[in-house]
Amino acid sequence: PLAAMSGFNEWHLAFAAPWSRTALLLATAATLLILWLQFGGARRLSARAWLLLGLRIGGVVLAWALFVQPTLRLAHVTRTPNRMAILVDGSASMGLRERADLPTRAERTAARIARAAPDLARLRQEHAIDFYTFGSALSPASETTLAQTIPARAPASELGEALEALRLRYPDHNLGGVLVLSDGIDTGRLGHELPLDAANRALLAGLDVPIHAVSIGEPDLHDLSIPRLVADDFAFAHNVVKIEAVVRAQGTQSAGWIGRRLPVTLKRDTLVIKTTELVLTDRPEQRAVFEFTPDRVGHYLYEVSIPVLAGEAITSNNTRPFVLRIVRDKIRVLQVAGRPSWDERFLRSLLKHDPNVDLISFFILRNGEDLETVSPDELSLIPFPTEELFKQQLRSFDVVFLQNFNYAPYGMSVYLPEIKRYVEEGGGLAMIGGDLSFSTGGYAHTPVAEVLPIELLDEGSPEAISLAPFSFRPTSVGRSHPITALSLDPQESGTRWQALPPLEGANGVARARPGAQVLAVHPTLKGSDGQPMPILSIGEFGKGRSLAFGSDSSWRWGFGAALAPSQAAEVGQRAYQRFWENAIRWLIHDPELRLLRVESDRTEYTSGERVKILLKALGPDYRPARQRTVVLTVARIGPGGPPLVRETLRTDDEGAASYELPVDAPGGYRLLARVPGGDAALHDEAVLVVRAAGRELDQPEARPELLRAVAEATGGRFLRLSDGWSNLNFRPPRIARIDREHDIELWSTGWSLVLAALFFFSEWALRRLWGLP
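Asks: How would you explain the sheet that holds strand β25 (residues 517-526) if you had to name every residue and give the values?
Replies: Here we have 8 strands laid out as an open sheet, ordered β17-β16-β18-β19-β27-β26-β25-β22, and mixed in their pairing. On the outer flanks of this sheet lie β17 (357-363) and β22 (473-474), each paired with one strand and no other. Across 5 bridges, strand β19 (residues 428-432) lies against strand β27 (residues 544-549) in parallel orientation. When the sheet's bridge partners are listed, I432 is paired in β27 with F549. Contacting β16 (331-337), β17, β18 (399-403) and β19, helix α10 (residues 342-352) runs over the sheet at an angle of about 155 degrees to β17.

In structure tokens, the structure reads:
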């Protein structure tokens, strides 16, 4: 009251004595010691002794006051308001409404800010208020905007990261406190299991201010979602893959969903692979387990989905797309040979000893035309499993070798369309020559002939077989092609081919099929078109590839007879092994051998992000294809419709090109690149997924417990939407300056000295009167 009447607004007690702080502390300690000694010796005394003790204490205290000189210091202080931050959640989950009769969380937040105008006016007397929204980042806002509408589009809600950014905005520690309005869903560092870990507690302590949290969410949300999948990033072809989908159900009791059967479906692209069924209970989470066996390598779009039930708060989280990369555990090879031979033996031995190859080999020891003197059952090791091999299990193989094999004696005509379909759907077929192969094997005008890279002569043609030895002569394309490249240097590769021994016998063919590549030709024989007759040809048909090798004596390369004896066996064996290994790699679409590659920098994006697409083109010699025209198509996977993008690009001097585009609509997308007018090898495709709002809407129920934990860790308050803000505690403003001061010296009066003397004299007089020492 005295300070207010004098025009001062603050006061405090000070000591005006000129003594050092040490002297003041010693005087105070001596005074306390005297008082304690007097009090300790007076407990057993009479009432007279207590009166003497009171006089002694009064005199000592007054003597101490005269020594330290207590002063009442009045001041008029001007303070500058500090800052107060209000953070409003602007993530996608704030756009939800728990029930159809409720406003969205964002609408309730805007209405609460509008009603808080009187509270904010009182807070502005000591604090300057800054408004922000947060989601994936912290962004400044205004009270007017937030009181009308709250943007609820951010794909993430990262409160911890927003608080860290807020700390960096106030480096001078001029922040008095924080008020957060959120539903508590957090996809950032705070969104882990409670209680808060040490790192997050350190983050909150770094702000050194109270954080008050207002919970926006309402209970009893009705929603079904697939918040997460338990699956690897890749799987092995021809091996069982296990995927677990977590299905989360909220509000099943109030929504009347208890006991309802819920189908859960797994799809690849738009093809249903498996469906399982769950029964909804009061448990919030259940797991749906899928097991399947992929049969092709590559990147594929899979999707787990559940139906949308009436009254759900959000429907976009009822599907969970993901990209699964299927790789080879081992290359599954089927080798079918018409009879035992050196060529069959060498190839089978090579494949058996390759640890990356899983080989199934069949070779015919006899056929129906062989003379028999005993029952056929006694001569048969096992029946030739045509039905199992060429219909049931055919698509489980990566490569099929038909090696000098005549299909007719085994009733296989009905299975030839299956082999054609196998190639068109992505399989690899290699036909190797001999007297039971190509035209002499009866393959002309069959479905298999349609997927061979050569056109066959009619059966019985005199040119169908040549028994003369000949040298394998690579073409200009073959000198640098990965299949026939025995060295990275094309000239060195040609030298090695010349050094290998000649082949014996060739299958005659009419010509190379249009679009096929001829890698080697016969040095003397001509085809029906007058060109050198193809010996090794390759081609693409549908999604698969085929190879035709018109001789059954490649095993001779394993000896290398034309080389010096010291290196013949080693170099020859390497050439034979490298040739067939390269051929298999090409047949299985080894990614390293693609002439055109398309891929995105990631396989999963969030709606609104920019997708970066990278292209790489190579020439037939596997060098960068400069200034190559490539058509890029981006289309949704699923219902038909126009492509999202069809763009013509040109590669640079490194054979590369890139393209960026924003993608808003959630779902799966296929990237397709091709070279116009090029052969079938010049195309490639990839897939990617665009998610609706990242992980923000996977579990849309509010998390007030997270907001409560943040408030309690910082000394703030946890508030409901209806609670007021006027009595929230914030750090007081800092002092800006002291305009004037005035000291009232409490000790500087004659009465203080007289009173002290009176206390001591009264004690002395009473002792004398009562006869005390």
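Still more ground to cover, so stick around.
Asks: Outline the side chain of D119, supporting the account with residue identities and numerical values.
Replies: Relative to the helices and strands, D119 resides in helix α5 (residues 117-123). A relative accessible area of 11% means that D119 is categorised as buried.

Asks: A description of the side chain of E418 should follow, citing residues and the corresponding values.
Replies: Topologically, E418 is positioned in helix α13 (residues 416-424). We classify E418 as buried; its relative accessible area is 16%. At 3.4 Å, the side chain of E418 forms a polar contact with the side chain of R395. Each residue touching E418, except ones within four places of it in the same chain, is listed here: F390, L394 and R395.

Asks: Go over α10, please, and point to the residues and values.
Replies: Among all positions of α10, only D343, E344, F346, L347, L350 and L351 are buried. Taken end-on, α10 shows its buried residues confined to a sector of 165 degrees, consistent with a single buried face. Away from its buried face, by an angle of more than 90 degrees, α10 presents the exposed residues R345 and K352.

Asks: So what about the nonpolar core? Which residues, and what values?
Replies: One finds F401, L547, F549 and W580 to be the most contacted residues of the largest nonpolar core, which totals 73 residues. The dominant element in this core, judged by the number of residues it contributes, is helix α15 (residues 568-587), at 8 residues. In contact with F549, other than residues within four places in its own chain, are M431, I432, G433, F438, F472, L503, I535, L536, S554, W557, F579 and W580.

Asks: A description of the sheet that holds strand β8 (residues 223-230) should follow, citing residues and the corresponding values.
Replies: With respect to topology, 3 strands assemble into an open sheet ordered β8-β10-β13, the strand pairing being antiparallel. Each of the sheet's edge strands pairs with one partner strand only, and the pair in question is β8 and β13 (285-292). Going across the sheet, the axis of each strand differs from the next one's by a mean of 25 degrees, ignoring polarity. Summarising the sheet, strand β10 (residues 241-250) and β13 pair through 8 bridges and their orientation is antiparallel.

Asks: Give me the packing of aromatic side chains: which residues, what numbers.
Replies: Tallying each qualifying case throughout the model produces 20 aromatic pairs. An angle of 50 degrees between the planes, with centres 5.9 Å apart, marks the rings of F346 and W555 as tilted. In this pair, F346 sits in helix α10 while W555 sits in the loop between β27 and α15, placing the two residues 209 residues apart along the sequence. In this structure, F346 and W555 share a single accessibility class: buried. Following the ring pairs from residue to residue traces out a cluster consisting of F401, F472, W497, F549, W557, F579 and W580. Lying across the ring of W725, R112 places its NZ or CZ 4.5 Å from the centre.

Asks: Run through a nonpolar patch on the surface, naming residues and quoting values.
Replies: Together, L33, W36 and L37 give the surface a local cluster of nonpolar side chains, amounting to about 370 Å² of exposed area. By the secondary structure assignment, W36 is in helix α2 (residues 21-41). Of the residues examined, W36 reaches a relative accessible area of 59% and is grouped as exposed.

Asks: Go over unusual backbone geometry, please, and point to the residues and values.
Replies: Phi is positive for D208, close to 60 degrees, though the residue is something other than glycine. You can see D208 is positioned in the loop between α8 (198-207) and β7 (211-215). You can call D208 partly exposed: its relative accessible area is 47%. Unlike most non-glycine residues, N404 shows phi in positive territory, near 50 degrees. In this fold, N404 is placed in the loop between β18 and α13.

Asks: Before we move on, could you go through the packing of helix α7 (residues 159-169) against α8 and cite the residues and values that matter?
Replies: Two elements in contact, α7 and α8, have axes separated by 9 Å at closest approach and are oriented at 35 degrees. Of the two elements, α7 crosses α8, and the hand of that crossing is left-handed. For the pair α7 and α8, contact is made by G160, L163, E164 and R167 and by L203, L204, G206 and L207, respectively. A class-by-class count of the residues in the contact of α7 with α8 yields 4 nonpolar, 2 polar and 2 charged.

Asks: Which residues make up the confidence of the model for the chain, and what values do they have?
Replies: For the chain, per-residue confidence averages 84 on the pLDDT scale, and residues scoring 70 or more make up 89% of the total. Every residue in residues 370-381 is under pLDDT 50, and counting partners more than four places away or in other chains gives 8 contacts.

Asks: Go over the environment of L204 with me, naming the residues and quoting the values.
Replies: Relative to the assigned elements, L204 resides in helix α8. Residue L204 is classed as buried on the basis of its relative accessible area of 2%. In this structure the C-alpha to C-alpha distance between L204 and R167, which are 37 residues apart in sequence, comes to 9.7 Å. Excluding residues that lie within four positions of it along the chain, L204 makes contacts with L163, L196, I211, V710, A713 and T714.

Cut-offs applied
Residues numbered from 1 in each chain as written. Predicted model: local features only at pLDDT ≥ 70, side-chain atom pairs only at ≥ 80, totals over all residues. Heavy atoms only, no water. Pairing = 2+ DSSP bridges. Helix = DSSP H or I, 4+ residues; strand = E, 2+ residues; numbered from the N terminus. Contact = heavy atoms within 4.5 Å. Axes fitted to C-alpha atoms, helices over the stretch in contact; angles between N-to-C directions. Buried < 20%, exposed > 50% of the residue type's maximum accessible area, 1.4 Å probe, protein only. Polar contact = N/O pair within 3.5 Å; in protein donor to acceptor, adjacent residues only side chain to side chain. Arc of directions from axis to C-beta. Core = buried A, V, L, I, M, F, W, Y, C linked by side-chain atoms within 4.5 Å. Phe/Tyr/Trp six-rings, centres within 6.5 Å; stacked < 30°, edge-to-face > 60°. Lys NZ or Arg CZ within 6 Å of the ring centre and 35° of its normal. Patch = residues over 30% accessible without salt bridge, like charges linked within 9 Å, V, L, I, M, F, W, Y side chains within 5 Å. Areas by Shrake-Rupley, 256 points an atom, 1.4 Å probe, with all protein chains shown as cover. Salt bridge = Lys/Arg side-chain N within 4 Å of Asp/Glu carboxyl O. Left-handed = near helix turned anticlockwise from the far one by under 90°. Nonpolar A, V, L, I, M, F, W, Y, C, P; charged D, E, K, R; others polar. pLDDT = per-residue confidence, 0-100.

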